[in-house]
Number of protein chains: 2
Amino acid sequence: MRIGELAARAGTTTRTLRYYEARGLLPARRDGNGHRTYDEGDLRLLEQIRTLQDFGFGLEETRPFVECLRAGHPEGDSCPASLVVYRRKLDELDALIGQLTAVRETVAGQLRRAERARDELAAEALVPGGPEPGCELGGMTR
Amino acid sequence: MRIGELAARAGTTTRTLRYYEARGLLPARRDGNGHRTYDEGDLRLLEQIRTLQDFGFGLEETRPFVECLRAGHPEGDSCPASLVVYRRKLDELDALIGQLTAVRETVAGQLRRAERARDELAAEALVPGGPEPGCELGGMTR
DNA sequence: GTAGGCGTTGACGTGGGCGTCAAGGCAAGA
DNA sequence: TCTTGCCTTGACGCCCACGTCAACGCCTAC
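Rules used throughout
- Residues numbered from 1 in each chain as written.
- Chains lettered and ligands numbered in written order.
- Predicted model: local features only at pLDDT ≥ 70, side-chain atom pairs only at ≥ 80, totals over all residues.
- Heavy atoms only, no water.
- Buried < 20%, exposed > 50% of the residue type's maximum accessible area, 1.4 Å probe, protein only.
- Helix = DSSP H or I, 4+ residues; strand = E, 2+ residues; numbered from the N terminus.
- Arc of directions from axis to C-beta.
- Contact = heavy atoms within 4.5 Å.
- Least-squares fit on C-alpha atoms with pLDDT ≥ 70 in both.
- Buried area = accessible area lost by both parts, 1.4 Å probe.
- Salt bridge = Lys/Arg side-chain N within 4 Å of Asp/Glu carboxyl O.
- Polar contact = N/O pair within 3.5 Å; in protein donor to acceptor, adjacent residues only side chain to side chain.
- Nonpolar A, V, L, I, M, F, W, Y, C, P; charged D, E, K, R; others polar.
- Phe/Tyr/Trp six-rings, centres within 6.5 Å; stacked < 30°, edge-to-face > 60°.
- Near = heavy atom within 4 Å.

## What to know about helix α2 (residues 14–22) of chain B
Residue and element names in this part refer to chain B. For α2, the full list of buried residues reads T16, L17, Y20 and E21. Down the axis, α2 shows its buried residues gathered within 140° of arc, on one side only. In this structure, α2 carries R15 and A22 as exposed residues pointing more than 90 degrees from its buried face. Lining the buried residues of α2 we find α1 (3–10), β1 (29–30), β2 (36–37), α3 (40–54) and α4 (59–70). G24 sits one or two residues past α2 and shows a positive phi near 80°.

Have a look at this one:
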């Protein structure tokens, strides 16, 4: 199998495969014309890489999985090094989700505050003898 | 106030301020020497930008807030355009948190499966007349 | 012959928000 | 006078996973 066919079967591009080879992640044999040659095992490795990439793993993080498969293990995560990457990624995800959730709540609070201020200004405009001045409540200046 | 002082007071760098000016976000007056000159209002604008940046807003997303302040409004989010950005950012955060949470659960499941497989292999090695062969349970080949 | 379709290497572009030189100007203090 | 310390513009680097283009080679079909 040559590079175009492998790329098509894995749903990726030849550029990506050449990039993986340059990074030492997915080396290829060569035929008489200098063309890259791959087999079904390479497809398996490539699928492993792509799956992890879809999960947001960096390329280097996929390396233990690929090497585990190449060592003959049944799954890419059959090796301790892969489990270490799993756990580290879980920690990273938890930290990131926590940060994003905190930001989300902060932004939601700011939006509610800004909408309330807007509504109060509108009400004030409707009632000429409205609330007293001097009602500054502070903004978001950290 | 010159650029170094403003940067120090805002906890950022002169490079950042020049970058903001190049993007048209925080233009500066010039003194006789061609040096950039800022006032307290600019510090306010800069603090607004930095706060939103800390929340993960892109620079362009801070523009409505800055222009709102420069138009004389009491807060950067006193204008409808800013509220639109708030709501869009909330939607983005919700989508992102949802995706990350789904990935987190998937990875956690993979980790549990891989650990179970490892433990079963270890148990099998301890009990020579252990379970029958042919127990492949499938991996993560999408 | 020639057009098409596959492959090759090399090199530059992308996005975002800056960091990091390089080369120079201008003002104040020892 | 010389240093120092601030400022100026311009340009390249970074990260990451590729996209895109250039210029070329090989094989097949018409």
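Back to the write-up after that little detour.
## Topic: the relation of the copies chain A and chain B
Laying chain A over chain B is done by rotating through 180° and shifting 0.0 Å along the axis; what remains is an RMSD of 0.0 Å. Viewed as a symmetry operation, the transformation between the two copies matches a two-fold axis. Residue I97 of chain A, judged by its C-alpha, is the member of chain A lying nearest the rotation axis, at 3.0 Å. A share of 100% of interface residues in chain A that are also interface residues in chain B marks the association as one of identical surfaces.

## What about the interface of chain A and chain B?
On the side of chain B, 38 residues touch chain A, which itself brings 37 residues to the contact. Of the roughly 3600 Å² buried at the junction of chain A and chain B (both faces included), carbon and sulfur atoms supply 66%. Connecting chain A to chain B are six salt bridges. As a salt-bridge pair, R113 of chain A and D77 of chain B come within 2.5 Å of each other at their nearest N and O atoms. Connecting chain A to chain B are six residue pairs in polar contact (both at pLDDT 80 or more). Elements supplying a minimum of two residues to the side of chain A that touches chain B: α3 (40–54) and α5 (80–126) of chain A. Looking at which element gives the most residues to the side of chain A that touches chain B, the answer is α5 of chain A, with 21 residues. Classifying every residue of the side of chain A that touches chain B by side-chain character gives 16 nonpolar, eight polar and 13 charged.

## A few points about the packing of aromatic side chains
Residues and elements named next belong to chain B. The final tally for this structure, using the stated rule, is six aromatic pairs over all chains. When the ring of F57 is compared with that of F65, the centres are 6.2 Å apart and the planes differ by 85°; the resulting orientation is edge-to-face. Judged by relative accessible area, which is 2%, F57 ranks as buried. Judged by relative accessible area, F65 falls into the buried class, the value being 0%.

## Details of the protein's contact with DNA strand C
Lining the immediate surroundings of DNA strand C are 18 residues, of which G4, R18 and R36 of chain A together with T16 and Q53 of chain B lie closest. Side-chain polar atom of R18 of chain A to a phosphate oxygen of DNA strand C: 2.3 Å apart, as the coordinates give it. One of the side-chain N or O atoms of R36 of chain A is found 2.7 Å from a phosphate oxygen in DNA strand C. Of all the secondary structure elements, the ones that give two or more residues to the surface near DNA strand C are α1 (3–10) of chain A together with α2 and α3 of chain B. Looking at side-chain class alone, the surface near DNA strand C contains four nonpolar, eight polar and six charged residues.

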